[in-house]
There are 2 protein chains.
Amino acid sequence: MDSCLVMVLILVCWTMAKAESNVSDGLTLESVRDSLIRQEDTIVFCLIERARFPSNAPAYDPSYFSNPGSYGSLVEFVVKQTEAIQAKAGRYENPEEHPFFPDHLPPSQAPPHKFPRLLHPAAMFVNVNKIIWDVYFNKLLPLFVAPGDDGNYASTAAHDLDCLQALSRRIHYGKLVAEVKFRGERKDYEPAIRSRDKKTLMDLLTDQNVEEAVKRRVAKKAMTFGQEVKLGDGSKGKYKVDPAIVSRLYGEWVIPLTKDVEVEYLLHRLD
Amino acid sequence: MDSCLVMVLILVCWTMAKAESNVSDGLTLESVRDSLIRQEDTIVFCLIERARFPSNAPAYDPSYFSNPGSYGSLVEFVVKQTEAIQAKAGRYENPEEHPFFPDHLPPSQAPPHKFPRLLHPAAMFVNVNKIIWDVYFNKLLPLFVAPGDDGNYASTAAHDLDCLQALSRRIHYGKLVAEVKFRGERKDYEPAIRSRDKKTLMDLLTDQNVEEAVKRRVAKKAMTFGQEVKLGDGSKGKYKVDPAIVSRLYGEWVIPLTKDVEVEYLLHRLD
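Residues numbered from 1 in each chain as written. Chains lettered and ligands numbered in written order. Predicted model: local features only at pLDDT ≥ 70, side-chain atom pairs only at ≥ 80, totals over all residues. Heavy atoms only, no water.

Draft legend 1. Up close: the interface of chain A and chain B. Opposite the 54 residues of chain A that make contact, chain B presents 54 residues. Across the chain A/chain B interface, buried area totals approximately 4500 Å², and carbon plus sulfur atoms make up 59% of it. If you sort the residues of chain A by the area they bury against chain B, A:I85, A:V229 and A:L231 come out on top, with a joint share of 15%. Where chain A packs against chain B, one counts four salt bridges. Between B:R38 and A:E49 there is a salt bridge whose closest N-O contact spans 2.9 Å. Every element with two or more residues in the side of chain A that touches chain B is listed here: α2 (29-50), α3 (74-88), α5 (153-172) and α9 (208-226) of chain A. Looking at the side of chain A that touches chain B, its residues break down into 20 nonpolar, 17 polar and 17 charged. (Contact = heavy atoms within 4.5 Å. Buried area = accessible area lost by both parts, 1.4 Å probe. Salt bridge = Lys/Arg side-chain N within 4 Å of Asp/Glu carboxyl O. Helix = DSSP H or I, 4+ residues; strand = E, 2+ residues; numbered from the N terminus. Nonpolar A, V, L, I, M, F, W, Y, C, P; charged D, E, K, R; others polar.)

Draft legend 2. Just the environment of A:G237, in detail. When you line up the elements, A:G237 lands in the loop between α9 and α10 (243-267). Judged by relative accessible area, A:G237 falls into the partly exposed class, the value being 48%. (Buried < 20%, exposed > 50% of the residue type's maximum accessible area, 1.4 Å probe, protein only.)

Draft legend 3. Quick look at the pattern of salt bridges. This model, assessed by the stated rule, comprises 38 salt bridges over all chains. One salt bridge in this structure joins A:K221 and A:E40, with 2.9 Å as the shortest N-O distance. With a gap of 181 residues between them, A:K221 in helix α9 and A:E40 in helix α2 connect regions that are remote in the sequence. The same class applies to A:K221 and to A:E40, which are both buried. In this structure, A:R91 and A:E97 form a salt bridge, with 3.2 Å as the shortest nitrogen-oxygen distance. A residue is classified by how much of its surface remains accessible, and A:R91, at 8% relative accessible area, is buried. Among the charged side chains, a salt-bridge network with shared partners connects A:E40, A:D41, A:R217, A:K221 and B:K240.

Draft legend 4. Geometry of the relation of the copies chain A and chain B. Expressed as a screw operation, the relation of chain A to chain B combines 0.0 Å of axial shift with a rotation of 180°, fitting to an RMSD of 0.0 Å. Taken together, the rotation and translation describe the operation of a two-fold axis. Relative to the rotation axis, the closest C-alpha in chain A is found at A:F225, a distance of 2.7 Å. The overlap is high: 100% of the interface residues of chain A also sit at the interface in chain B, so the same surface is used on both sides. (Least-squares fit on C-alpha atoms with pLDDT ≥ 70 in both.)

Dropping the structure here:
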């Protein structure tokens, strides 16, 4: 019995060590970077598409829209209800997706799918969607949509949801960024995590040069994707969304919020 | 009383003539063209975003997804239910929007909005969404998504809906194209409409040079929006959606279906 117990313990330790090193789960700094870069395109497309519509204030006015059983604006109604449908279709089974209205979300009706388990379970709960909602509607949106009202509130709300989901996915991808950095430099991160030293964690996660490059690249994407493409060479002129605003979106909100997610995730990485 | 009746009749005739000429409703060949060109960007963005996901066959398999009360695939469920939410938020009050599942669509719960009345009421009913659905899922989709299964069926379905809505809006915009052309060359169109001469109507509506230019322009857009944008000059390489397929989408399906909508609309333009 004793030797059997030792065998079992060895096996358990080996399994845990293997799970910790996670060499074979495909998470690499390169795969994380590629995804972040691809997600920039999605965010720029979403902003350009939302900018097709003017501000459309009634969509955000709780007194405008009356839906029995729901109290809120038209955009709240569209986001909540669409999230419920997508939840039934299994969207939030993927740990990369985070709902804006997680309460009373219906369960998935799709058979379970085996998404790769890349994150540390005790640190997965981090969700900053309340802040993203506030930043998007109160700070970002007024910067890039023209004033006006064309009556297309449902379409406007659908595009707001696209923007919110794209930003949320990008910012919560910070969990994967943190995980891959933690695995690579565990000996640097562990002491700061144990002493709950947010400042050191933030310093470890920050690379000013990379951040500046990201801001320049998203501005270039806003120019490239937001230009009026014509046959011949005449593709100059006004952009559909001001590249400086996309750069500012990243510098003021996307990058800092991603780092907040990273720090919060790391603080629970050894739980 | 007689002179009063004459006055009323004159007023009625004048009002009808004014409504017919519609000089002040803002519909011009230029505004229609600008919208069609802008919608090309939307369609290309939607295709690029759908191409982020592989084919994801289970999303289209009716035996995979079981939702009480609905019989169909996961994508059918997501499209039907999302259309119902957007209908409540007033999407289909805008005559430019056409649902894929118009039966049992709930009424709008938003206060009515005065959308411009540009179309001839008796010809507004034209809806080719059944054909668009078939073309999109059975012909187009297999051409531009990679084989594979990443489990993100809900997101995939949401992007399919975006593509369907963008294509539907573009193709049904044919009603506005037909209306503006009819107003401009009424004496050419009227005899063909009265004799139900589809061939002549199709000839009147067709401009090979414009069609070729559109096909070249959408291919250029697929190159511009589907490239990998890098800092520096290194933006060459693979496109996210093959520009030749976008050109083919327009040549084989979008342009012909738009013209079908135009002819069908015109056949009822004098009803």
